[in-house]
Amino acid sequence: MTRGLANLGAATLRQIEELGRMIRFGARIVMAASRPPFRWRAFMAAVYDSGVLSVALICAAGLTVGFVLGLQLYNTLVRFGAEDSLGTAVGLSLIRELGPVLTGLLVTGRAGSAITAEIGAMRTGQQLDGLRMMAIDPIHFVVMPRAMAIFFVLPLLSALFVSLGIFGAYLIGVELLGLDGGTFLASLEAAVEFDTDVLQSLVKSVVFGVLLALIATWRGYSCEPHSAGVSRATTSTVVTASIAILLADYLLTALWSL
Amino acid sequence: MTEVDEESGHVEARGVALAFGRREIFRDLDCRFAKGRISVLMGGSGTGKSTLLRMIGGLQIPDVGSLRVAGQELVGLEEAQLKAMRGRLGMLFQNGALLDSMSVFENVALPLREHTSLSETEIAERVHGRLSAVGLSDIDELLPGELSGGMLRRAALARAIVMEPEILLCDEPFSGLDPPNVSRIEALLTHLNRDRGLTVIITSHHMATSLRMAHRILLLRNMGCVDGSPAQLASSRDSAIREFLGQDGAEYLAHHGHELEGAEG
Ligand SMILES: Nc1ncnc2c1ncn2[C@@H]1O[C@H](COP(=O)(O)OP(=O)(O)O)[C@@H](O)[C@H]1O
Ligand SMILES: [Mg+2]
């Protein structure tokens, strides 16, 4: 019993230490980003890898989620004779919650894991040490452009997800179930406020971007230098970042409604 | 007489101890690598040769002890201060450590792009000069993954010397090379040492080559180090040392034994 508690205590301490190291690492990324030169080429390449190559996935997922939302919410609303508010219901759930959260989770799986694996492989192959020996800071050269790219693309992808989701729900509600298109859009427009809903959406996707960028690069940078270590780090990125995003979503939602 | 000045340690370790977990690698290690000389670090595998090179590069911090590179204490330096020191070092890693997403040309050009304002033409000229010095041509566009082990190592050596460092650390520069390329790299390192006064520290298992090119051999064993000129070690009274140098050591002694008189005062 005491032994169990002691172990639990030690494990908790280790987690807190790890968190401390990760936050210091984050500070080093921020400092690197503010130290010229900004590595535009590497940044654009990372935006391409993490962002552009995720567009198809985000579109497909956004559209599908839009279909499902359109169908589910219509079926619920119609029972109360409130199907005219389909636009409101779909718009608010996508903008406030589903857009940023699902985009965060999808980008974690697609791009976050790839970044961890890439940086982890570079560590394992001593490429990061190789850079150090050339007096090049690997955080500036390798980590910063990738972290900035995630941070930059997540809000954009989230907006794309929301747009496609609304479009999908429109297709279902208007084209399939025969709602009036004008009514759908009017109810959407009337309900969505910039400084509550859109801003909340943006803040969430920015926070998720920071979390994912930090977790994915840190896990790769600090992985055990062998292939099993890289694979563990990659899994850990997906798990940790997903939980972090869901937890942050709850906290932000709660804070917003104070 | 001038022995001390000439042989002043460009790199010096004093009382260094290092353990990975419970596995002790060094205990009270003292060694020095003379300025402008070629030192060869030997020892069975797992004795810590690569680890010692990594410590000299500031990549591995000793648990206790002091490490001085070009007169500067390295233990306790911040990453930013280490960076300045590393500008004077070139390092060839055992596995090459080239960036695998960049072509060979871009890999060798990288330090020049980062630390100089040379024009594209000057960069190309320098990079091709270094690549041909290590016997590589027409491989500019290849990725490191498309090279053989020996080519990879030579490309990495080209990268390590492209900034004309003061101290060159080479981890196993000869392994995986065919005999003509062993001679080529030996000649290149000897040339850089003789003409540019480069301090060369290499680890190697190539006994004959090492004995031939080394001014000094440092043999890692028992978590410490024994050092001497090739002739001194080859004639050591310690049979374990003679055994380690093997047939090549005996042959070397037969040809160079006379150097022993005079060398030892
Ligand atoms: N990062 C590390 N973590 C744990 N053990 C290590 C690490 N690096 C090296 N070692 C151990 O230290 C010893 C010396 O390694 P190394 O310097 O690579 O030997 P050598 O180059 O002489 O063959 C080996 O036993 C190796 O297992
Ligand atoms: Mg080694």
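Computed from a predicted structure; not experimentally measured.

Asks: Describe the layout of surface pockets, and please don't skip the residues or the numbers.
Replies: Taken as a whole, the largest pocket holds about 1300 Å³ of empty space. Listed by contribution, the elements that provide at least two residues to the lining of the largest pocket are helix 1 (2-33), helix 5 (127-133), helix 8 (194-221) and helix 9 (227-256) of chain A together with helix 3 (79-86) of chain B. At six residues, helix 1 of chain A tops the list of elements feeding residues into the lining of the largest pocket. Class assignment for the residues of the lining of the largest pocket results in 15 nonpolar, six polar and 17 charged. Looking at the second largest pocket, its volume works out to about 810 Å³. Lining the second largest pocket are 25 residues, and of these Arg41, Ala42, Ala45 and Phe141 of chain A together with Met102 of chain B lie nearest its centre. Breaking the lining of the second largest pocket down by element, the ones donating at least two residues are helix 2 (40-50), helix 4 (86-124) and helix 6 (138-176) of chain A together with helix 4 (104-115) of chain B.

Asks: Account for helix 3 of chain B, naming residues and giving values.
Replies: Among all positions of helix 3 of chain B, only Leu82, Met85 and Arg86 of chain B are buried. Along helix 3 of chain B, the residues classed as buried sweep out an arc of 95° about the axis, all on the same side. Exposed residues on helix 3 of chain B whose side chains face more than 90 degrees from its buried face are Ala80 and Ala84 of chain B. Tucked inside the fold, the buried residues of helix 3 of chain B contact helix 5 of chain A together with helix 2 (49-56), strand 4 (64-69), strand 5 (72-73) and strand 6 (89-92) of chain B.

Asks: Give me unusual backbone geometry: which residues, what numbers.
Replies: One can expect most non-glycine residues to show negative phi and most peptide bonds to be in trans. Residues and elements named next belong to chain A. In this chain, Pro36 is followed by Pro37 through a cis amide linkage whose omega measures 0°. Relative to the helices and strands, Pro37 resides in the loop between helix 1 and helix 2. Positive phi, normally seen in glycine, also occurs at Ala135, with a value near 60°. A relative accessible area of 7% means that Ala135 is categorised as buried.

Asks: How would you explain the site of ligand 1 if you had to name every residue and give the values?
Replies: Residues and elements named next belong to chain B. What surrounds ligand 1 is the set Phe20, Arg23, Ile25, Gly44, Ser45, Gly46, Thr47, Gly48, Lys49, Ser50 and Thr51. Contacts to ligand 1 include Gly48, whose backbone N or O atom sits 3.0 Å from an oxygen atom. One of the backbone nitrogen or oxygen atoms of Lys49 is found 2.8 Å away from an oxygen atom of ligand 1. Taken by itself ligand 1 offers 560 Å² of open surface, and the protein chains cover 62% of this.

Asks: Hey, could you go over the coordination of the magnesium ion (ligand 2) for me, with residue numbers and the actual values?
Replies: Tetrahedral coordination by four donors places them ideally at 109.5 degrees to one another around the metal; octahedral coordination by six donors ideally gives 90 or 180 degrees. Residue and element names in this part refer to chain B. Coordination of the magnesium ion (ligand 2) by the protein is provided by Ser50 (OG) and Gln94 (OE1), with metal-donor distances spanning 2.0 to 2.5 Å. Highlighted residues: Ser50 in helix 2 and Gln94 in the loop between strand 6 and helix 4, separated in sequence by 44 residues. Judged by relative accessible area, Ser50 falls into the partly exposed class, the value being 23%. Owing to a relative accessible area of 35%, Gln94 belongs among the partly exposed residues under this scheme.

Asks: Help me get a handle on the confidence of the model for chain A, residues and values and all.
Replies: Across chain A, the average pLDDT comes to 92, with 100% of residues at or above 70. Considering each helix and strand of chain A separately, the mean pLDDT is smallest for helix 7 (residues 181-191) of chain A, with a value of 85, and largest for helix 5 of chain A, with 96.

Asks: Please provide a residue-by-residue account of a nonpolar patch on the surface, values included.
Replies: All names here are of chain A. A surface patch of nonpolar side chains, about 480 Å² in accessible area, is lined by Phe194, Val198, Leu199, Leu202, Val203 and Trp256. Counting residues per element, the nonpolar patch draws most heavily on helix 8, which supplies five residues. Considering the arrangement of structural elements, one finds Trp256 in helix 9.

Conventions used here
Residues numbered from 1 in each chain as written. Chains lettered and ligands numbered in written order. Predicted model: local features only at pLDDT ≥ 70, side-chain atom pairs only at ≥ 80, totals over all residues. Heavy atoms only, no water. 1 Å grid on protein atoms, 1.4 Å probe; cavity = no way out; pocket = protein on both sides within 12 Å on 5 of 7 lines; lining within 4 Å. Points joined across faces, edges and corners; volume = space filled by probe spheres on them. Helix = DSSP H or I, 4+ residues; strand = E, 2+ residues; numbered from the N terminus. Nonpolar A, V, L, I, M, F, W, Y, C, P; charged D, E, K, R; others polar. Buried < 20%, exposed > 50% of the residue type's maximum accessible area, 1.4 Å probe, protein only. Arc of directions from axis to C-beta. Contact = heavy atoms within 4.5 Å. Near = heavy atom within 4 Å. Polar contact = N/O pair within 3.5 Å; in protein donor to acceptor, adjacent residues only side chain to side chain. Areas by Shrake-Rupley, 256 points an atom, 1.4 Å probe, with all protein chains shown as cover. Donors = N, O, S within 2.8 Å, 3.2 Å for Na, K, Ca; no water. pLDDT = per-residue confidence, 0-100. Patch = residues over 30% accessible without salt bridge, like charges linked within 9 Å, V, L, I, M, F, W, Y side chains within 5 Å. Salt bridge = Lys/Arg side-chain N within 4 Å of Asp/Glu carboxyl O.

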